[in-house]
Amino acid sequence: MECDVYGRAMWRWPVPSTVWEEELWSCSWCHAATHVGGEWFEVARPPYLPAEMRWERAVPDGLPADVSHAFVIFDRTLCGIQEADMSPSGHLWLPERENACGACWEAAGVIDGRWPQAMRGDDARVSVARRL
Ligand SMILES: [Zn+2]
Ligand SMILES: [Zn+2]
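Engineer: So what's going on with the overall build of the chain? Residues and values would help.
Structural biologist: In terms of helices and strands, the chain carries 1 helix and 9 strands. Start at the N end of the chain and walk to the C end: the helices and strands fall as β-β-β-β-β-β-β-β-α-β. In summary, the chain has a C-alpha radius of gyration of 15 Å against a globular reference of 14 Å for 132 residues, a match within 12%. Classification of the 132 residues of the chain by burial places 23% in the buried group. Look at the contacts in the chain between residues 6 or more apart in sequence, and 50% of them connect residues 24 or more apart.

Laid out in C-alpha cells, this is it:
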C-alpha cells in the first residue's frame, strides 16, 4: 500500500483484525496512518495531527523510567532506541513535559516537516465510507 500524502511505501502493523479495523498501516516516511476495513469505513485516513498530539508514550520496559520517549513502531522509540518488549502506553507523549526525550522531539519535528501544507487540512486526506 502507498501513502496518500507522498506516495511512499507503508508498512502493516502486526496486529490482529478487529471489528473496528481489519488492517492498520503506517507510512515509513511521514507516519500517516491508514486503517483498512471495519464497521464504518473501507479505508479510513485520520487527518493530520500536530507533532505534540501525534505520538504515544512508550512503556518504559527496559527503558530508563525517568525519560519519556515517544513510541513509533513495534519495538522502537522515535529517537531510535530498540527494545524487544516495548509497547505504546495508550497515553499521549507530551513533549512539553520536563522529562520528555529531546531526541524524540527532534525526530517528531523532522517527520512533521515532511507533511505538505496542503495535506494538513481536516479533510485533506480522503476516507472511503463503507456502503451499507
Ligand atoms: Zn506518507
Ligand atoms: Zn527518545
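Engineer: Explain the sheet that holds strand S9 (residues 128–129) to me, and be specific about the residues and the numbers.
Structural biologist: Spatially, 5 strands are ordered S1-S2-S3-S4-S9 in an open sheet, and the strand pairing comes out antiparallel. The sheet terminates laterally at strand S1 (10–12) and S9, the two strands that pair on one side only. Pairing of S1 with strand S2 (residues 23–27), which is carried by 3 bridges, proceeds in the antiparallel orientation. Counted as the bridge partner of Arg12 is Trp25 from S2.

Engineer: Can you tell me about the nonpolar core, naming the residues and giving the values?
Structural biologist: Trp55, Ala58, Ala70, Phe71, Val72, Leu78, Met86, Trp93, Cys101, Cys104 and Ala108 together form the largest nonpolar core, which totals 11 residues. Where this core is concerned, the elements lending two or more residues are strand S6 (70–73) and helix H1 (102–113). Sequence-distant contacts of Trp93, defined by excluding residues within four places in its chain, comprise Trp55, Glu56, Arg57, Ser68 and Ala70.

Procedures and definitions
- Residues numbered from 1 in each chain as written.
- Chains lettered and ligands numbered in written order.
- Predicted model: local features only at pLDDT ≥ 70, side-chain atom pairs only at ≥ 80, totals over all residues.
- Helix = DSSP H or I, 4+ residues; strand = E, 2+ residues; numbered from the N terminus.
- Rg over C-alpha atoms; globule rule 2.2 N^0.38 Å.
- Buried ≥ 20, exposed ≤ 12 C-beta atoms within 10 Å, placed from the backbone.
- Contact = placed C-beta atoms within 7 Å.
- Pairing = 2+ DSSP bridges.
- Core = buried A, V, L, I, M, F, W, Y, C linked by C-beta atoms within 7 Å.

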